[in-house]
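Descriptive structure summary
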Amino acid sequence: YMGGGFYLGTNPFAMLILYLLVTFFLAIIFLFDLRYYLVSDLILYLGTASVLILKLFLGFNLMNIIIGAGIGFLFFGIQYFLSRGKWLGSGDIFIGIFMGIILAWPNILVAIFISYIIGGILALVLLIFKLKKLSAKLPLGPFLTFSTWLVFLWGDKILNWYLDLAGIL
């Protein structure tokens, strides 16, 4: 609890708004990047701000949100810097920040892992069936947004399953 008059706790209506906002913004980013290979800065800014504000009013852990956003920024920012923008676009960096705000620490790691697994499998299938060439571009945003949505809904269960499978729990 952060104190102040705006704390909403586990208010079911506010949680429903959070789920709807996250789904709405992720769907727009998914479709736009899939169709145009482009991520709208306006959508990312609006999504990031609205989800962050609502999560803070709901009492989510601010430090975990900051760590999640930082991991999203660094993971994609380093790839962008090392490849000089050839491996992914700058919009993916901002999607990473948005993912971190939605999922926080440690679920951001689960979403990144799932998005790269799904993207890699799909890329292999497209190459094997000659639907894409090795030199072809494949937008990363749809994989990032889909995995974010999955982890937003079931992240703790996925993480616990994995840790249990790995013998860590």
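Everything below is about the structure shown above.
Anyway, here's the lowdown on the structure attached to this text. (Residues numbered from 1 in each chain as written. Predicted model: local features only at pLDDT ≥ 70, side-chain atom pairs only at ≥ 80, totals over all residues. Heavy atoms only, no water.)

1. Looking at the nonpolar core
Ranked by internal contacts, the top residues of the largest apolar core, which has 36 residues, are Phe76, Phe98, Met99 and Ile102. Broken down by secondary-structure element, the contributors of at least two residues to this core are helix H1 (12-36), helix H2 (41-57), helix H3 (62-83), helix H4 (90-103), helix H5 (107-128) and helix H6 (141-165). Element by element, the count of residues in this core is highest for H4, at seven residues. In contact with Phe98, not counting residues within four places along its chain, are Phe25, Leu26, Ile29, Leu44, Gly47, Thr48 and Val51. (Core = buried A, V, L, I, M, F, W, Y, C linked by side-chain atoms within 4.5 Å. Buried < 20%, exposed > 50% of the residue type's maximum accessible area, 1.4 Å probe, protein only. Helix = DSSP H or I, 4+ residues; strand = E, 2+ residues; numbered from the N terminus. Contact = heavy atoms within 4.5 Å.)

2. Some words on the environment of Gly77
Take Gly77: it is sitting in helix H3. With relative accessibility at 18%, the residue Gly77 sits in the buried group. For the pair Gly77 and Asp92, spaced 15 residues apart in sequence, the C-alpha separation works out to 8.4 Å.

3. Some thoughts on the layout of surface pockets
The computed volume of the largest pocket comes to approximately 650 Å³. Lining the largest pocket are 25 residues, with Trp87, Leu88, Asp92, Leu138 and Leu140 sitting closest to its centre. Looking at the lining of the largest pocket, the elements with two or more residues in it are H4 and H5. Top element by residues in the lining of the largest pocket is H5. It accounts for five residues. Looking at the lining of the largest pocket residue by residue, the classes come out as twelve nonpolar, eight polar and five charged. Quantified by volume, the second largest pocket comes out at close to 350 Å³. Contributing to the lining of the second largest pocket are 20 residues, with Phe60, Leu103, Asn107, Phe152 and Asp156 lying nearest its centre. Among the secondary structure elements, those contributing two or more residues to the lining of the second largest pocket are H1, H3, H4 and H6. (1 Å grid on protein atoms, 1.4 Å probe; cavity = no way out; pocket = protein on both sides within 12 Å on 5 of 7 lines; lining within 4 Å. Points joined across faces, edges and corners; volume = space filled by probe spheres on them. Nonpolar A, V, L, I, M, F, W, Y, C, P; charged D, E, K, R; others polar.)

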